[in-house]
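Residue strings, one per chain:
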Amino acid sequence: MADDETDGTERMDVSSEPPLAPQRPASWWDQQADFYTAFLHHLAQLVPEIYFAEMDPDLEKQEESVQVSILTPLEWCLFGEDPDICLEKLKHSGAFQLCGKVFKSGETTYSCRDCAIDPTCVLCMDCFQSSVHKNHRYKMHTSTGGGFCDCGDTEAWKTGPFCMDHEPGRASTTKETLHCPLNEEVIAQARKIFPSVIKYIVEMTIWEEEKELPPELQIREKNERYYCVLFNDEHHSYDHVIYSLQRALDCELAEAQLHTTAIDKEGRRAVKAGVYAACQEAKEDIKSHSENVSQHPLHVEVLHSVVMAHQKFALRLGSWMNKIMSYSSDFRQIFCQACLIEEPGSENPCLISRLMLWDAKLYKGARKILHELIFSSFFMEMEYKKLFAMEFVKYYKQLQKEYISDDHDRSISITALSVQMFTVPTLARHLIEEQNVISVITETLLEVLPEYLDRNNKFNFQGYSQDKLGRVYAVICDLKYILISKPIIWTERLRAQFLEGFRSFLKILTCMQGMEEIRRQVGQHIEVDPDWEAAIAIQMQLKNILLMLQEWCACDEDLLLVAYKECHKAVMKCSTNFMSSSKTVVQLCGHVLETKSYRVSEDLVSIHLPLSRTLAGLHVRLSRLGAVSRLHEFVPFEGFQVEVLVEYPLRCLVLVAQVVAEMWRRNGLSLISQVFYYQDVKCREEMYDKDIIMLQEMQHSISQIGASIMDPNKFLLLVLQRYELADAFNKTIAPKDQDLIKQYNTLIEEMLQVLIYIVGERYVPGVGNVTKEEVIMREITHLLCIEPMPHSAIARNLPENENNETGLENVINKVATFKKPGVSGHGVYELKDESLKDFNMYFYHYSKTQHSKAEHMQKKRRKQENKDEALPPPPPPEFCPAFSKVINLLNCDIMMYILRTIFERAVDTDSNLWTEGMLQMAFHILALGLLEEKQQLQKAPEEEVTFDFYHKASRLGSSAMNAQNIQMLLEKLKGIPQLEGQKDMITWILQMFDTVKRLREKSSLVVATTSGLESIKNEEITHDKEKAERKRKAEAARLHRQKIMAQMSALQKNFIETHKLMYDSTSEITGKEDSIMEEESSPPAVSDHSRVALGPKRGPAVTEKEVLTCILCQEEQEVKLENNAMVLSACVQKSTALTQHRGKPIDLLAEMLDPLFMDPDLAHGTYTGSCGHVMHAVCWQKYFEAVQLSSQQRIHVDLFDLESGEYLCPLCKSLCNTVIPIIPLQPQKISSENAEALAQLLTLARWIQTVLARISGYKMKHAKGETPTVPVLFNQGMGDSTFEFHSILSFGVQSSVKYSNSIKEMVILFATTIYRIGLKVPPDELDPRVPMMTWGTCAFTIQAIENLLGDEGKPLFGALQNRQHNGLRALMQFAVAQRTTCSQVLIQKHLVRLLSVVLPNLQSEDTPYLLSVDLFHVLVGAVLAFPSLYWDDTVDLQPSAVSASYNHLYLFHLITMAHMLQILLTIDTGLPLVQGEEDSEEARCASAFLAEVSQHTGFIGCGAPGWYLWVSLKNGIIPYLRCAALFFHYLLGVTPPEELFANSAEGEYSALCSYLSLPTNLFLLFQEYWDTVRPLLLRWCTDPASLNALKQKSAVVRYPRKRNSLIELPDDYSCLLNQASHFRCPRSADDERKHPVLCLFCGAILCSQNICCQEIVNGEEVGACVFHALHCGAGVCIFLKIRECRVVLVEGKARGCAYPAPYLDEYGETDPGLKRGNPLHLSRERYRKLHLVWQQHCIIEEIARSQETNQMLFGFNWQLL
Ligand SMILES: [Zn+2]
Ligand SMILES: [Zn+2]
Ligand SMILES: [Zn+2]
Ligand SMILES: [Zn+2]
Ligand SMILES: [Zn+2]
Ligand SMILES: [Zn+2]
Ligand SMILES: [Zn+2]
């Protein structure tokens, strides 16, 4: 329409004026005769303006304009009223029945193994969670993107097709509203609008002109704005594109990166705007910069801005259509109809086909939207899905060809939609019937594969391109999809079309039959290994297709017979070469065979014989259906040519034998790999297995053909000829060449094995009378005969069917029992005893190693059970009638000849042409023959049994004088000493000969029955005798073993004793006896009153002479102060294991940090752990230097950071970074008289005064001339002259301990390490914070160990691991010594600050308030620093034992009181506590005390009853008391009370009190010291900082502190996946694949391995996880990668390792990467173990250990995790 220029309505200015009411354009469009033209006209005006700014668009504004000026009017036009109201109404009409959610890459999908028709039927997370399948055997997988949820598709599910949300009728409304929610007018409008919309979308999408638009869209004034547009491809790397852009556009890196990311995501992007010439120039530039020898240039186009704008809008309109269609089935149908209409009179296909055909030319972003459009329309309506599928098949060839030459991933190709259609059973049938889809697909293959054909018309994939061939596999896959559901009803048409497809498929197989022939290389090794992967990969792809085709053929007899005929014809056609070759003659013991001359070792051979094998498969099915008798109607006997059919499979088996015999070693690895896959579980069903069947089958054919060209003898002659062994069995030949003998022997063994398989292997339904289940059971039995196996290993070794099922679960419990896993490892299946009898040593699926392992295992087992070692074959199942003649191979002349020859050679001392393995096989064949005859005799009367194995075997070999029969030979073999191992088997066979003989005689000679019985009796007697003898021998053997064991354990004990420490780290101490080493040498049991650590009643220290062995030089040394130092290997690490404030940022200004006081939240501590291994300091230093030296020579990345002192413990390989010097404890004796005397004198008040006097004395001394800066201390009249500077000394002093230089050196070294790692600063041994860090790590390590013991419910003493015990002892004694290596003035300074918390009148400005310090840290620091008060310039003194005991006592009491107050102030009154005694003394005291306290704090008590206060206090203070007990024990060596070695809460408390000299009613402390403590209490209670803190209750730390544990995880793993699916990266808006990772410390979900969430730390980029770990776990953290179900441990920036996730499937196995996809559930024990790894501070150790074992595997960049 051209006359619309006059109308003013369409000239709307989007940018300036407010938008017009959307009804106006709507009604205007409506009035126009031609909606399409009117609509286009509207777009022509608006679209270019809205999408003007392509380079840098304001997306929000763009979207708003589109909504307002185009989409909303369109909706008005559609509904005729307010669209919002209409859509709201429609929403509730429940128009959905299918879910149809389209999966994004990385999303989890679920399938049900019980109910899904095939594994391609999947559910989305939401549907699955509300479906019945949740409780079935489901599988979880990760989508590669592109598929969609099948919920609601009744054809996809056997049961439960709907989830609760998509169940019809559930959406609250009735069916009527479901079907017809739209009124006629809306439908009419839709019919008018949709065709125009879709037409516009299609036209614009496939628009090719760069500069022009269709005439309808052209506007008058055309601008000169063009874009240079760059397209994505899969060949150029990210960096290459960035480089090209930077060069071509001369832009910044950031801009180029921006472009590249967008191109990768969207598929195309305008990189430059301007006039045509400029854009053209940029285009050429980019092209030339991106091109090089190996790569095409990038795809660049110059597009006019208007074209670009319309193309963009077309896609927007597509998503609008998607939205509208989701509301109503009618809309979808109208849309589909519009898509399918062919323009009348036009050559063009319908719109949807035009889109399909254009797919390969489109860019990524456009494809995605268009595919979604197809999903939301056609695929939601079954009828239209069918129509779409027909269009799809119509263009199938063309689409596939375009896909193959396309360079985009399959997931974004239209061809990927095939799975959605071909797997629907009704659709598949329809497509076969109506469109002959099988032929279409095979012809497509035939058309795309010719480039791989050689001149013989066989495939040859040498030099193939993996990418291209990989695309061809997609076509093969389609064939699988079509065949996946076998039709139940067969129409004539279906049959005809299927057969046509089958014939067409045979053409492909014809090209494969005999492809990639090879010839044995002699002389020189081949130069290049030929490509073999492609051919084998195609075999793998085809395996299930071949099986399915055979099954389809077997649907009825006639179909099968016709298929057989066709296949037979094809095989014969491929064999013309063979038939025309020349002939040769083989002769052996009277039998003659004339055959074609052919030698595998000289002529060409191929392992690819799919035609022959298909024929074998069809034959088995004929046998199963019982249709063999009709075969001659289809294939006449004379055309059958057995010799031809058997030829190729036989060659293949001979090739395998020759490869084993190393005759082909010059042909390289390629052949070895092919032979491997030939027999591997992935291929064997359609390769190896079928070749064996083909050989079995030939016996049958012979009988059918009657006058056969090959009786069993001739067949064996042929086998001998092809194995090139005819000479070897010729007696006159006696080769001398050792190599040749070896080769012959191997070939004979291989041949015998194949003969065993031919007569013995009957476990294929159709070959033998067995069911599928029995076949699988037998496979499993034989796998488990090798060893017990986990579920996944069994599954891996069983062939999968087209649905990826092995059938394992249905039968496994019949043959095996499941054994649950412990906290590590996995659950395994063990074979049931009753299944052991089915073991067949020559099971044809055993590899060589499996065979010998299984044989070894079974013999060992029989030995243990005192049974003989014979492993005869189990009685095989019967052959099917069609195969029943196979057994005639056993008793034919040539077989007897072969067996006899082998036995004769074994008896003959001169012959080398035999092996024990060969003998075993011959025994096996004998056993098979005898078993067969026995079974037949038991079933039928003797005269009917024609199988005369016994008779033949008893015949003499020749008429010569010395001729022997087989039995005689066996008797001789029994006597050969070298064959001792075979004796039992020979005995078994000889007995079997007897049995068969008796069976023969029994039925023929009635008279002989009695004698027969007698002989049986005799046999039993001899059997019993043998049994008794065996028993005796076994008993003797047992006694002998016992004796040896006793000797061994004596030796071991000796060894353990001499290397005691080596074992200490693994064993736990079981009681106090062990906790104190060499108890025997210490004085007899100490009396109970002396088990007090503090105060004048302090018990004696238990010390002993300690002699340790260095693990490096194995020399012993006594630990003494004056000796050279011995050291413990140790690891210092930062820890957040105890934090009450997870994620608290570490102060990054470590230089400024003042670590003297620990915050009570224990957010960051410094932990020192040791593996408990002792070395000489000198030895260690040498060792460390050696490690350093060797690492300089190594190239690969180091496991440990030598720079920071890391090394692996030489003995246990734990990661260490320092050593702790071992310093003996100095025993202190207290004379009781002195102590009592002092008790009268030294009260707490007096002690405080003395201490204060000493401190103030120092202050004045050091202040010298200056005015003292510290506030004067004596302001309350305490400046009493009795307390002067020296009075502290009067209570007893002694001289300081002297340490050897070596020890001092080590003390300084260790202290510096603690300082360096704890503060993350460079080492500086003179830094004033070194002693603080020493005290800090002592306190923190004790706290961590105490916490762990409590967590595990273990007693305080007696349950410590030896490494913990030794570590703590060394650490405390080190800390004592550390003080002496520092300036005492410094220590005094620190001490004063520490004491200021608990001493009155010592407060200064930097004294922290009571609630802000951890008092245990104060206690440790104060006790360790206290001796510095005794130091003087002139003499180095320390307190005497008795003074020290008072010092300890008073310090401890003061600090304990302070801690009590801390607990009571922060008490949580809301806890449910076990009611205590209401009226106890403690309860009363508590009430009274709190009343007193509240007076000062002003906070009105808490109203809690006294008992509640007391119980809370007790609970709160116990951890502190336990820590204190550990501390004083390791400091002083006083034996703790017995109760602390046991597990009892009540006993523990009083024992702690007695050990620590505390009243059990702790409030008595305050009463006792009331006068002294009152001012202190006042100070603590009225501190404004404390009161402030109390007001913000949340920030306050309460006691007992909460114990950290890993976060709660859901039991069902799919819940976690669910969580992850809702995870959105906080930094980027797109929905691209993410790696959500869960922090198990705090529960945060992070976006890992993604650039968006990287952070910069110290100028280096680190991933989100590593960054999080810095705060959450001080660099150490445990994460769960949710989508992969993997735990990772990380430490620092560069280290980490994988750790098994705590989720197990029902078979007790983990599933890293969700590869198997079984349902997973949380294993509490394993999660607990992971928790302990954390709490024991073993994460670093785990990482180091795993890195050591995996160092060669791969270098993951942990930094970017
Ligand atoms: Zn769904
Ligand atoms: Zn659903
Ligand atoms: Zn199910
Ligand atoms: Zn040593
Ligand atoms: Zn160690
Ligand atoms: Zn965290
Ligand atoms: Zn992110």
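Owing to the predicted nature of the structure, the values given are computational and were not obtained by experimental measurement.

Engineer: Before we go on, may I ask you to explain the overall build of the protein chain in this structure?
Structural biologist: Within the protein chain, the secondary structure is distributed over 62 helices and 27 strands. Here the protein chain, with 1761 residues, has 57% of them falling under the buried criterion. Look at the contacts in the protein chain between residues 6 or more apart in sequence, and 77% of them connect residues 24 or more apart.

Engineer: Would you mind showing me how to read the environment of Glu433 here?
Structural biologist: Looking at the secondary structure, you find Glu433 in helix 18 (residues 425-435). Separated by 64 residues in sequence, Glu433 and Gln497 place their C-alpha atoms 6.2 Å apart. Residues contacting Glu433, with those up to four places away along its chain left out, are Thr491, Arg493, Leu494 and Gln497.

Engineer: Looking at this model, I keep getting lost on the coordination of the zinc ion (ligand 5). Mind explaining?
Structural biologist: Ideal values differ by geometry: the angle at a metal is 109.5 degrees with four tetrahedral donors, but 90 or 180 degrees with six octahedral donors. The protein atoms that coordinate the zinc ion (ligand 5) are Cys1171 (SG), His1173 (ND1), Cys1209 (SG) and Cys1212 (SG), at distances spanning 1.9 to 2.3 Å. One can describe the donor arrangement at the zinc ion (ligand 5) as tetrahedral, given that its four donor atoms subtend angles of 105 to 115° at the metal. Sequence spacing of the donor residues for the zinc ion (ligand 5), all on one chain, is C-x1-H-x35-C-x2-C. Of the two residues, His1173 is situated in strand 13 (residues 1165-1176) and Cys1212 in the loop between strand 14 (1207-1208) and strand 15 (1215-1216); the sequence distance between them amounts to 39 residues.

Engineer: When you look at unusual backbone geometry in this model, what are you seeing that I'm missing?
Structural biologist: As a rule of thumb, non-glycine residues mostly have phi less than zero, and peptide bonds are mostly trans rather than cis. Here the residue pair Tyr1599 and Pro1600 is connected by a cis peptide bond, since its omega of -5° sits within 30 degrees of zero. Position of Pro1600 among the secondary structure elements: in the loop between helix 58 (1584-1591) and helix 59 (1613-1621). Positive phi, normally seen in glycine, also occurs at Leu1162, with a value near 45°. Phi is positive for Lys1320, close to 55°, though the residue is something other than glycine.

Engineer: What is the right way to look at the coordination of the zinc ion (ligand 6) in this model?
Structural biologist: Only Cys1639 (SG), Cys1642 (SG), His1668 (NE2) and Cys1672 (SG) from the protein reach the zinc ion (ligand 6) as donors, at distances of 2.0 to 2.2 Å. Of note is the zinc ion (ligand 6), whose four donor atoms meet at the metal with angles of 107 to 112° in an arrangement that counts as tetrahedral. In terms of primary sequence, the donors binding the zinc ion (ligand 6) are separated according to C-x2-C-x25-H-x3-C. Residue Cys1639 is found in strand 19 (residues 1635-1639), and its partner His1668 is found in helix 60 (residues 1664-1672); the two are separated by 29 residues along the sequence.

Engineer: Help me understand empty space enclosed by the protein, please; the structure alone is not making it clear to me.
Structural biologist: With a probe scaled to a water molecule rolled over the atoms, the places where space remains empty come into view. Applying the stated rule across the entire model yields 16 cavities of 30 Å³ or more. Roughly 450 Å³ of internal volume is contained in the largest cavity. Every residue lining the largest cavity is counted, 25 residues in all, and those nearest its centre are Gln1228, Val1376, Pro1427, Gln1438 and Leu1532. Of all the secondary structure elements, the ones that give two or more residues to the lining of the largest cavity are helix 49 (1362-1380), helix 51 (1415-1425), strand 18 (1437-1439), helix 52 (1441-1465) and helix 54 (1506-1532). With four residues, helix 49 is the largest single contributor of residues to the lining of the largest cavity. When grouped by side-chain class, the residues that make up the lining of the largest cavity number 15 nonpolar, eight polar and two charged.

Engineer: Just to check I follow, could you spell out the packing of helix 3 (residues 59-79) against helix 4 (residues 83-91) for this structure?
Structural biologist: Helix 4 packs onto helix 3 with a crossing angle of 65° between their chain directions and a minimal axis gap of 9 Å. Helix 3 and helix 4 meet at a crossing whose hand is left-handed. For the pair helix 3 and helix 4, contact is made by Glu75, Trp76 and Phe79 and by Pro83, Cys86, Leu87 and Leu90, respectively. Residues of the contact of helix 3 with helix 4, tallied by class, amount to six nonpolar, no polar and one charged.

Engineer: Would you mind going over the packing of aromatic side chains with me for this structure?
Structural biologist: The geometry of two aromatic rings is summed up by the distance between their centres and the angle between their planes. For the coordinates displayed, the defined rule picks out 59 aromatic pairs. A connected cluster of aromatic rings, assembled from ring pairs, spans Phe148, Phe375, Phe378, Phe379, Phe388, Phe392, Tyr396 and Phe422. For Lys1514, the ring lying beneath its charged end belongs to Tyr1549, and the centroid distance is 4.8 Å.

Engineer: Is there a simple way to explain the packing of helix 2 (residues 35-50) against helix 7 (residues 184-205) in this structure?
Structural biologist: Helix-helix packing is described using two parameters, namely the angle between the two axes and the distance between the axes. Across the interface, helix 2 lies against helix 7 with an axial gap of 9 Å and an inter-helix angle of 50°. What the angle tells us is that helix 2 and helix 7 run oblique. Considering how the two elements wind past one another, helix 2 and helix 7 form a crossing that is right-handed. Of helix 7, the residues touching helix 2 (which contributes Phe35, Tyr36, Phe39, Leu40, Leu43 and Val47) are Lys192, Ile193, Ser196, Val197, Lys199, Tyr200 and Glu203. Broken down by class, the residue content of the contact of helix 2 with helix 7 amounts to nine nonpolar, one polar and three charged.

Engineer: How do you make sense of the confidence of the model for the protein chain when you look at a structure like this?
Structural biologist: Low-confidence regions, as indicated by low pLDDT, have predicted coordinates that should not be scrutinised in detail. For the protein chain, per-residue confidence averages 83 on the pLDDT scale, and residues scoring 70 or more make up 88% of the total. Within the protein chain, the lowest mean pLDDT, 34, falls on helix 43 (residues 1072-1075), and the highest, 95, falls on helix 51. In the model, residues 705-709 has pLDDT below 50 throughout and makes six contacts with residues more than four positions away in sequence or in other chains. Counting interchain partners and residues more than four positions distant, the pLDDT-below-50 stretch residues 1054-1088 has 48 contacts.

Engineer: I'm lost on the pattern of salt bridges in this one. Help?
Structural biologist: Pairing between side chains of opposite charge can happen when their charged atoms approach one another. Applying the stated criterion across every chain yields a total of 68 salt bridges. Residue Lys401 pairs with Glu447 through a salt bridge whose shortest N-O separation is 2.7 Å. Linking Lys401 in helix 16 (residues 396-405) with Glu447 in helix 19 (residues 437-448), this pair joins segments that are 46 residues apart in sequence. Between Glu865 and Lys867 there is a salt bridge, with the nearest N and O atoms lying 3.0 Å from each other. With a relative accessible area of 37%, Glu865 lands in the partly exposed category. Ionic contacts of the salt-bridge type, sharing partners, join the residues Arg113, Asp114, Arg137, Glu805 and Glu809 into one network.

Engineer: What is the right way to read the nonpolar core from this model?
Structural biologist: Taken as a class, soluble globular proteins show a tendency for nonpolar side chains to be buried jointly. The biggest cluster of nonpolar side chains holds 304 residues, and the ones touching the most others in it are Phe422, Phe903 and Leu970. When residues of this core are assigned to their parent elements, the largest contribution, 13 residues, is made by helix 27 (residues 642-660). Setting aside residues no more than four positions away along its own chain, Phe903 makes contact with Leu919, Ala922, Phe923, Leu926, Ile966, Leu969, Leu970 and Leu973. Of all hydrophobic cores here, the second largest spans 175 residues; its members include Met1126, Ala1177, Tyr1299 and Phe1374.

The rules behind these values
Residues numbered from 1 in each chain as written. Chains lettered and ligands numbered in written order. Predicted model: local features only at pLDDT ≥ 70, side-chain atom pairs only at ≥ 80, totals over all residues. Heavy atoms only, no water. Helix = DSSP H or I, 4+ residues; strand = E, 2+ residues; numbered from the N terminus. Buried < 20%, exposed > 50% of the residue type's maximum accessible area, 1.4 Å probe, protein only. Contact = heavy atoms within 4.5 Å. Donors = N, O, S within 2.8 Å, 3.2 Å for Na, K, Ca; no water. Tetrahedral: all angles 85-135°; square planar, octahedral: opposite > 155°, others 65-115°. 1 Å grid on protein atoms, 1.4 Å probe; cavity = no way out; pocket = protein on both sides within 12 Å on 5 of 7 lines; lining within 4 Å. Points joined across faces, edges and corners; volume = space filled by probe spheres on them. Nonpolar A, V, L, I, M, F, W, Y, C, P; charged D, E, K, R; others polar. Axes fitted to C-alpha atoms, helices over the stretch in contact; angles between N-to-C directions. Left-handed = near helix turned anticlockwise from the far one by under 90°. Phe/Tyr/Trp six-rings, centres within 6.5 Å; stacked < 30°, edge-to-face > 60°. Lys NZ or Arg CZ within 6 Å of the ring centre and 35° of its normal. Parallel < 35°, antiparallel > 145°, perpendicular 65-115°, else oblique. pLDDT = per-residue confidence, 0-100. Salt bridge = Lys/Arg side-chain N within 4 Å of Asp/Glu carboxyl O. Core = buried A, V, L, I, M, F, W, Y, C linked by side-chain atoms within 4.5 Å.

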